[in-house]
Every structure is written in structure tokens, then in C-alpha cells.
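# Survey of secondary and tertiary structure
The lines below spell out each chain.
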Amino acid sequence: MKKKVMIIGAGAGQVPLINLCKQEGLYTYVVSPFGPYPGIELADTHINDDIYHVDALVEIGRDLGVDYVISDQSDYAVPLVASIADRLGLPGNKPEVAQTYSYKSKFRTFCEQHRIPAPKARQIQKGDDLPDGLTYPLVVKPSDSQGSRGISKVDSADRLEQAVQEAFAYSKKGTVVIEEFFKGREVVCEGFALDGVYYPVAFGDRNYFNLAGKFIPSQTIFPSSISLEIEKRIIANERLITSLLKPDFGTVHSEYLVNEETGDFVVVESALRGGGVYIASDLIPLSVGVDLTKILFLAMTGQKDTVVTLLENRIKRASAYICFYLDEGHITSIRGVDEVKSMSHVKKADVDNLRVGDVVPRIEHKGMRKGPFIVEATTLSELDKYIRQIQTVFSIETDGRPAIHWI
């Protein structure tokens, strides 16, 4: 009989995992409410339920006799998967470990306890008074959101109350983190944890849109251009975190801010899941030849020796996702879609959901970005040339005016 896997979530981030599980002969159950989620049609069976109904999903999993519970590229799903797997006695991470990775407030407390370089932070609950003695600028964020929802930069005290309330609106647990602003460039660090050991995979550079007070990425580019010395120090930090938390297995997506003038860095977050926007499923295989979806599957099914072998075999190429946002208004023209899709170095062009006549609201979080385009190249300079080609050929107008913002 086929072994059975319960996949938590049916969004685009789960599609590579669903496809791989089916290819490997597993019977796939996907858990999600009805909606425009691509995983629903791909899975063998759709379980129409809220992913947060853990008690119900434990009983469903027990009745179905599932052998595995998994998810990828979703912060929300990580602690849910861990709790369900733990209660069913299936392979997975301890709930406390998953929660520390997933909840910003718990991760900040963990970093402080173990003197791991991270922004100084305070957390507040709904109804708490705002803390005193804060040094501006600050970053305010929900403890448990994803997709940059509810995150903002605050430059003065008269803006703090509004930012805190906006953050509370996106926190299911009613907890907000207020942290110091660390000036530096952002670097993403991709790796894999197996039996409490950290294996580095790749570093990338992250660029942001020029939107006041908002943190919305426009591009993530592999490989990073930071120095090897800083890379080595970040890897040592990742190994320390992994050795302390001891996850059983999982892709690790970490985000760092690096001040290259001083050599200092802080870890902004370290998540026990693959990087979203096709980082884990596409950008890492294109840039270093490591298929993190396959490795996650192998770790889940206990094929540990193969995992280590695959993690040690890497190539050196370049890849990126590039997103854009649009000015508010009605889309009046879209040009260059077919030309971009015909470019051999463009592996994905997620723009088919844009249509003339669509109403474009003001961008508030990264879930409102458009795209991405997934691009590969031999070198970073070649990659930069290809990105500029896309930006030249592809155009959109709202209300008859050029509307695309790439930066």
C-alpha cells in the first residue's frame, strides 16, 4: 500500500512538495479551506479544514493512518506541522523548537538568552502600555505574521502607537515586537538542519523597494557579494543556533543585516522552512544545484545519508527573483509578456494574473507585489544584464501612464 502524507496548506509554496510526494509514490492529502489554492487540485485528496484546527487534524490523521505530516515555505504551518506530527508520533520537530523558529518574540528571547547577535527587542501584549526609554528609529512587527504584514519602521514617538496597532491587527497571538533598527544590508542564508547539525547551502542579497517605512523586498539574488569572512561568521552563528535548538530536520531560511563597515551583523529571523518566492524550490537549485524540496522529502522519509551527500555537492551559478509594484489605478495596457517568456534565461514569469481593466490598490505588504520573474545566469554580471532586459521589454500602464516600480 502507498504511504500517506498530510501536507498542511495548499498555496504556491506547497506545490513543489505536493508534486514530489506524488512522484515518489506517496498518497497526498492537502489541508486547506476551499479557495484559489493550486495545491487543492494537485493533491490526491483535499481535506477542507482550517490548518489551525490542530485537534481535528490530529484525529483525521489518525483515522487516515498518515505516515508523514509536512509543509514548506510557510511560517504559519511550521508549528502546526510539529504539533500534529508530535501527537501522532510521526517524524518531525518538537513543538517548542518549531515555535521558537516561528514566533519572533520567542526567537528574540532565545537570542538574548544565548547572546546571539540580534536586534535588541521588547515585546508587548494587547492592553500593555507602550514601553519607555526607546531609542529611535525602531521596527515594529507582529510576533507571528508572515509576508511583511504589519511591519513598519518608526522614526519618532508620535508614530509608535499607530504602528503598534497596525502590527496587532496581523498577530493571531496578540503579541508585538518592538526592536531597534540596525543599519545594514540584508543577506539571506539558506541551509538545512539534520539531527541538530547545520549544513550551509547558499547566501543571497536582498534588495527592497524604496517605500518609506515599509520593508517589501524587490529582489533576492544568488550568490551574495558579501565577503567570505562574513559568510564564515554567519555560518558559525547558524551552527550555534542549530546546536542549541536541535531540530530533527528542516530547511533553514535565515535573514541577516550586515554592516560591512564595522563587520557587525544581527540575525533578524531564522525560520525552519524553505525561503518563499521560489527561493527553496527554484533559486537554490538554479544557483547551487541543491534541490531543497527533494532533501526535505528525503529527511522526512529517513534517508539521512543521501541528504548529507546531496548537500555537499554544489555548483556555482547565479539566479534571482525580481518583483515589481504598480501605481494605483486601472491597468490600461500590458506589453512584453510573450517576449519575456521566450527568453531562455527566464524560468518563470508569474504575470498571467494581471489583466487590462484590473484595479490596482496601494501596496501595503509584500503579498501585494507583482511577479516574480525567475532568472538564471552563469555569473552575477550576466544575471544583471538579463534583469535589465526584462525591465526594458516588459511594461504596464495604469490610467494611461507608466506604472511599474522595480526599486
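The structure under discussion appears in the preceding block.
So, here's what we can say about the structure. Everything quoted here is computed from the prediction, not taken from an experiment.

## Thoughts on the side chain of Thr 220
Structurally, Thr 220 can be placed in strand β11 (residues 217–222). A polar atom in the side chain of Thr 220 sits 3.1 Å from the side chain of Arg 206. A distance of 3.0 Å separates the side chain of Thr 220 from the side chain of Tyr 321, its partner in a polar contact. Not counting chain neighbours up to four residues away, the residues in contact with Thr 220 comprise Val 188, Asp 205, Arg 206, Ile 279, Leu 283, Ser 319, Ala 320 and Tyr 321.

## Some thoughts on the packing of helix α1 (residues 15–23) against helix α10 (residues 292–300)
In the contact formed by α1 and α10, the axes pass within 10 Å of each other and the chain directions differ by 55°. Between α1 and α10, the interaxial angle falls into the category oblique. Here the hand of the crossing between α1 and α10 comes out right-handed. Facing α1, whose interface residues are Pro 16, Leu 17, Leu 20 and Cys 21, α10 presents Thr 293, Lys 294, Leu 296 and Phe 297. Taken together, the residues of the contact of α1 with α10 break down into 6 nonpolar, 1 polar and 1 charged.

## A word on the sheet that holds strand β8 (residues 175–180)
Reading across from one edge, β5-β8-β6-β7 is the order of the 4 strands in this open sheet, with antiparallel pairing throughout. Each edge of the open sheet carries a strand with a single partner, namely β5 (121–125) and β7 (152–154). Taken over all neighbouring pairs, the strand axes of this sheet differ in orientation by 25° on average, direction set aside. The sheet contact formed by strand β6 (residues 138–142) and β7 spans 3 bridges and is antiparallel.

## Some details on unusual backbone geometry
Pro 137 follows Tyr 136 through a cis peptide bond whose omega is 5°. Its place among the elements puts Pro 137 in the loop between β5 and β6. Geometrically, the link from Phe 222 to Pro 223 is a cis peptide bond, its omega value of 0° lying close to zero. Note on placement: Pro 223 falls in the loop between β11 and α8 (228–245). The phi dihedral of Asp 399 is positive, around 50°, even though this residue is not glycine.

Criteria and cut-off values
Residues numbered from 1 in each chain as written. Predicted model: local features only at pLDDT ≥ 70, side-chain atom pairs only at ≥ 80, totals over all residues. Heavy atoms only, no water. Helix = DSSP H or I, 4+ residues; strand = E, 2+ residues; numbered from the N terminus. Polar contact = N/O pair within 3.5 Å; in protein donor to acceptor, adjacent residues only side chain to side chain. Contact = heavy atoms within 4.5 Å. Axes fitted to C-alpha atoms, helices over the stretch in contact; angles between N-to-C directions. Parallel < 35°, antiparallel > 145°, perpendicular 65-115°, else oblique. Left-handed = near helix turned anticlockwise from the far one by under 90°. Nonpolar A, V, L, I, M, F, W, Y, C, P; charged D, E, K, R; others polar. Pairing = 2+ DSSP bridges.

In short, geometric facts, not functional conclusions.
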